[in-house]
Amino acid sequence: MAISVRTATWDDLEDMLRIEKETMPTHTYLFETQKELMDPEQGWMLISFDDDKPIGIAHLYRQPDGAGWFEILRVTPAEQKKGAGTAMWDRAIELCEENGLKSIAMYTGLKNVTSRKIAERKGLSLRLAVKEGELSREAAIASFAGSAPEAAACADGAAFAAACEKFGAEEAFGGQFVFNRTFYDFTPENLAWLCGEGIAYCGGDFAAAIGARFNKEAALQIGFIAGDEDKAVELAVKLLLAGPWPKLVIDVPEERTDLIEKLKGKGFSFIDSTIITLKRVFGK
């Protein structure tokens, strides 16, 4: 047995889709987001082999501020515990170092001991714990009443960063915001990216990020809200009902029990499990 890892090409797509289907049949992110994940400007899609047999995939995403995000690690069940996952972790860290990425991070479930242990062996440590909630379109229709606040998408990164600072967004959301279970730091580059994507919003008394990173038709997500949270949520619901999305999703820092209870009162349901992020900063 010889485990190897290389950057995938479009010629590998059929094998990668098979690996994903065998591993996580209900979470086929690669199938749904192949254009983004195969884009070399956004990162590196990895494929691992046992000799010549494709057995695993993973992706290293280059965030706008030069941080690395390790995701979609999959190894076919019959080929697990042979070192393919570890080999892809090692290659991801090498790519970070070769390309000057400042950190690497990932998410997993609090109870996923195996995933967490591998990350910790690679030098990552606990960064944040969140609870994930969602509001179905039906629940939003039932709970939404009255007019939502008007807030135009903000295209000015500096102005949006100033609004986030004014309303304490970074502190309110544990120092990270999230889209599609991809967690970002509140850096100027990441906030400017939100503006470029058209998913940054400023009101007179709140700031919010509402949109998605990829698979943009599957759900609308609140990346963070700050300031008047009621008005920010009302805006998100307004956007939800004006678009095609079946649900609105939010990930709230676990310690923000006040916000979680407020959202439950608005019709959000929260999963029982906790999601955690782990991070390693290079050079420390």
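Throughout this description, residue numbers start from 1 for each chain and increase along the sequence as written. Reporting in this predicted model follows two pLDDT cut-offs: at least 70 for local features of residues, and 80 or more for side-chain atom pairs to be given and counted; totals over whole chains, interfaces and linings ignore these cut-offs and use all residues. Excluding hydrogens and water, the side-chain figures rest on all heavy atoms present in the structure.

*Asks:* Talk me through the packing of helix H1 (residues 13-23) against helix H2 (residues 29-37); I want residue IDs and the actual numbers.
*Replies:* Angles shown run from 0 to 180 degrees and are taken between the N-to-C directions of axes, each axis being a line fitted to C-alpha atoms and, for helices, limited to the stretch in contact. Going along the chain from the N terminus, every DSSP run of H or I of four or more residues is numbered as a helix, and every run of E of two or more is numbered as a strand. Relative orientation of the contacting elements H1 and H2 amounts to 145°, with a least axis distance of 9 Å. The residues of H2 that touch H1, namely those facing Leu-13, Met-16, Leu-17 and Glu-20, are Tyr-29, Leu-30, Phe-31 and Gln-34. Split by residue class, the contact of H1 with H2 holds six nonpolar, one polar and one charged. The contact rule is simple, with two residues in contact once any of their heavy atoms fall within 4.5 Å. Amino acids are sorted into nonpolar (Ala, Val, Leu, Ile, Met, Phe, Trp, Tyr, Cys and Pro), charged (Asp, Glu, Lys and Arg) and polar (every other residue, Gly among them).

*Asks:* Tell me about the packing of aromatic side chains, and name the residues and values.
*Replies:* Stacked, edge-to-face and tilted labels apply to pairs of Phe, Tyr and Trp rings (six-membered ring for Trp) whose centres lie within 6.5 Å, assigned for plane angles under 30 degrees, over 60, and everything in between, in that order. Applying the stated criterion to the full structure yields ten aromatic pairs. Here the aromatic rings of Tyr-61 and Tyr-184 are separated by 6.2 Å at their centres, their planes lie at 85°, and the arrangement is edge-to-face. Here Tyr-61 is found in strand E3 (residues 53-62), whereas its partner Tyr-184 is found in strand E8 (residues 182-185), with 123 residues between them in sequence. Arranged with centres 6.3 Å apart and planes meeting at 70°, the rings of Phe-177 and Phe-179 form a pair that is edge-to-face. By the burial criterion, Phe-177 is buried, and Phe-179 matches it. Taken together, the aromatic side chains of Tyr-61, Phe-160, Phe-177, Phe-179, Tyr-184, Phe-186, Trp-193 and Phe-224 make up a single cluster linked through ring pairs. Each ring is checked for a lysine NZ or an arginine CZ that lies within 6 Å of its centre and within 35 degrees of its normal; such an atom marks a charge sitting over the ring. In this structure, Arg-213 packs its charged tip against the face of Tyr-61, placed 3.7 Å from the ring centre. Partly exposed residues are those whose accessible area sits between 20% and 50% of the maximum for their type, while under 20% is buried and over 50% is exposed, using a 1.4 Å probe and protein chains only.

*Asks:* Please give an account of the pairing of strand E11 (residues 220-227) that cites residues and values.
*Replies:* E11 sits mainly inside the fold: seven of its eight residues count as buried. Strand direction decides the pairing type here: strand E10 (residues 206-211) and E11, joined by six bridges, are antiparallel. When the sheet's bridge partners are listed, Ala-208 is paired in E11 with Ile-225. One ladder, built from three bridges, connects E11 with strand E12 (residues 247-253); its direction is parallel. Bridge pairing links Ile-222 to Ile-250 in E12. Being paired, for any two strands, means DSSP has found at least two bridges between them.

*Asks:* Before we move on, can you summarise the side chain of Thr-274 with the specific residues and values?
*Replies:* Note on placement: Thr-274 falls in the loop between strand E13 (269-270) and strand E14 (275-281). In this structure Thr-274 comes out as buried when scored by relative accessible area, which is 8%. Contacts described as polar in this section are N or O atom pairs within 3.5 Å, which, within protein, must combine one atom able to donate a hydrogen with one able to accept it, while residues neighboring in sequence count only if both atoms come from side chains. Side chain to side chain, Thr-274 and Lys-131 meet in a polar contact 2.8 Å long. At a separation of 3.0 Å, a polar atom in the side chain of Thr-274 contacts the side chain of Glu-254. Each residue touching Thr-274, except ones within four places of it in the same chain, is listed here: Thr-108, Gly-109, Leu-110, Ala-129, Val-130, Lys-131 and Glu-254.

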